[in-house]
Amino acid sequence: MERETDSPAPNQSPSSPPRRSTPQSTPGSIPRPTPSPSNRPGSSPFGCKVFRVSTVTPPSRLNFEGFTPSSPEPGPAPKCTVCNAACSEQCSECLQPLHADCGRAGKCTLCARAASIAGERSAASSSLKKQAEKMLKTSRQRFPPAAVGDTVIIPVPDVDRGRGDPRNVICVVVEVTEDNLYRLGNKQGRLNTLLARSMFTVRKEKFISVEDVPDTYMALRSMATAQSLSGGQGYVRCACKTGCKPSSKCKCRGAGVLCNSKCHGSSTCSNK
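Along each chain, residue indices are assigned from 1 in the same order as the chain's sequence is written. Local features are withheld for residues below a pLDDT of 70 in this predicted model, meaning they are given only at 70 or higher, and side-chain atom pairs are given and counted only at 80 or more; totals for whole chains, interfaces and linings count all residues. The basis for the side-chain values is all heavy atoms of the structure; hydrogens and waters are excluded.

The name an unreviewed UniProt entry gives the protein is SCAN domain-containing protein 3, with Frankliniella fusca as the organism.

Draft legend 1. How the structure looks around the overall build of the protein. Across its full length, the protein carries three helices and six strands. Helical segments are the DSSP runs of H or I of at least four residues, strand segments are the runs of E of at least two, and each set is numbered from the N terminus. The linear arrangement of helices and strands in the protein, starting from the amino end, is α-β-β-β-β-β-β-α-α. The contact rule is simple, with two residues in contact once any of their heavy atoms fall within 4.5 Å. Put simply, 47% of the contacts in the protein that link residues at least 6 apart link residues at least 24 apart. Total accessible area computed for the protein in this model is approximately 21800 Å², and 54% of it derives from carbon and sulfur atoms. The method behind every accessible area is Shrake-Rupley, applied with a 1.4 Å probe, and residues are considered shielded solely by the protein chains displayed.

Draft legend 2. Summary view of the packing of aromatic side chains. A pair of Phe, Tyr and Trp rings is counted when the ring centres sit within 6.5 Å of each other, with Trp represented by its six-membered ring. The angle between the planes then sorts it: under 30 degrees is stacked, over 60 is edge-to-face, the rest tilted. Under the definition given, this model contains one aromatic pair. Note on tyrosine 182 and phenylalanine 200: the rings are 5.3 Å apart at their centroids and 80° apart in plane angle, and the pair reads as edge-to-face. Note that tyrosine 182 is positioned in strand β3 (residues 182-186) and phenylalanine 200 in the loop between β4 (189-191) and β5 (201-203), a separation of 18 residues in sequence. Any residue under 20% of the maximum accessible area for its type is buried, any over 50% is exposed, and the rest in between are partly exposed; the area is computed with a 1.4 Å probe on protein chains only. On the accessibility criterion, tyrosine 182 (4% relative accessible area) is buried.

Draft legend 3. Just the sheet that holds β5, in detail. Strands are labelled as partners when DSSP assigns at least two bridges between them. Spatially, six strands are ordered β5-β1-β2-β3-β4-β6 in an open sheet, and the strand pairing comes out mixed. Unpaired on one side and paired on the other, β5 and β6 (217-218) mark the two borders of the sheet. Summarising the sheet, β4 and β6 pair through two bridges and their orientation is parallel. Each bridged residue has a counterpart across the sheet, and for arginine 190 the counterpart in β6 is tyrosine 217. All axes here are fitted lines through C-alpha atoms, helices being fitted over the stretch that makes contact, and every angle between N-to-C directions spans 0 to 180 degrees. Contacts between helix α2 (residues 220-227) and the sheet are confined to β1 (151-155), β2 (168-176), β3, β4 and β6, with β2 contributing the most and set at about 130° to the helix.

Draft legend 4. How the structure looks around the pairing of β2. Inspection of the sheet shows β1 paired to β2 by five bridges, in the antiparallel sense. Bridge pairing links isoleucine 153 to isoleucine 170 in β2. Examined bridge by bridge, β2 and β3 share four bridges and lie antiparallel to one another. Residue pairing across strands places valine 173 opposite leucine 184, the latter belonging to β3.

Draft legend 5. Just the state of the cysteines, in detail. Two cysteine sulfurs form a disulfide in these notes if their separation is within 2.5 Å. The tally for this structure, following the rule as stated, stands at zero disulfides. The thiol sulfur of cysteine 240 is not disulfide-bonded, and the nearest other cysteine sulfur, from cysteine 250, lies at 3.7 Å. Between cysteine 269, a cysteine without a disulfide, and cysteine 259, which holds the nearest cysteine sulfur, the sulfur-to-sulfur distance is 3.6 Å. For cysteine 269, a relative accessible area of 22% corresponds to the partly exposed category.

As structure tokens, then:
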């Protein structure tokens, strides 16, 4: 008995695979789409395999009926920071475990040391204030404050006066500032600097009045020169340590005068 074979289509070669027939839909039925490479299960439009991952509910979100969680196990008891023994008390400052017998007034070693340092600093500060008040009291007793119109005497340094000039300059107090500094002056003018109370001496006699002081300002050396009978300082003093050689920068050689007894102490000199 001969088997019936499908004869190839007229336009189909014998070697090509047979074509699949498309099922025809019956009236009233929904046509079933032919799966394409893009909508086949397990495939993607780019030819890659697609794996589906199922979501599993974590154990923490599961509800177990009748399950009672166990309480955590108690940890080791805290130990004292000094004796390293079990302790239930704490430091009053840092709240570290500490026995009352191991600390100082309820404080650990570090907190007690910090409190001691703070106390020492406070005591040192108060002692400095007391010492300053004592020094001010002694200074006020030794140098009582001067008032405007008092006659005072100002010592003149030896470099600002001549050989026969007076050692002091007589002035009067013209002004007293808020910082207890004094402005002094005489008939030649006023000093261009303020002086402290310890830099002059107050006299009981009244030699100059405030009305006799002009408004011009000058240095103490100019004031001493104005009161001098010999013309003021009039000499140069050097402090050379190389023997005042001609090649050295000696003030006396530059002024064309010889060195005197007030120059460079007892060292050797070639300008005498």
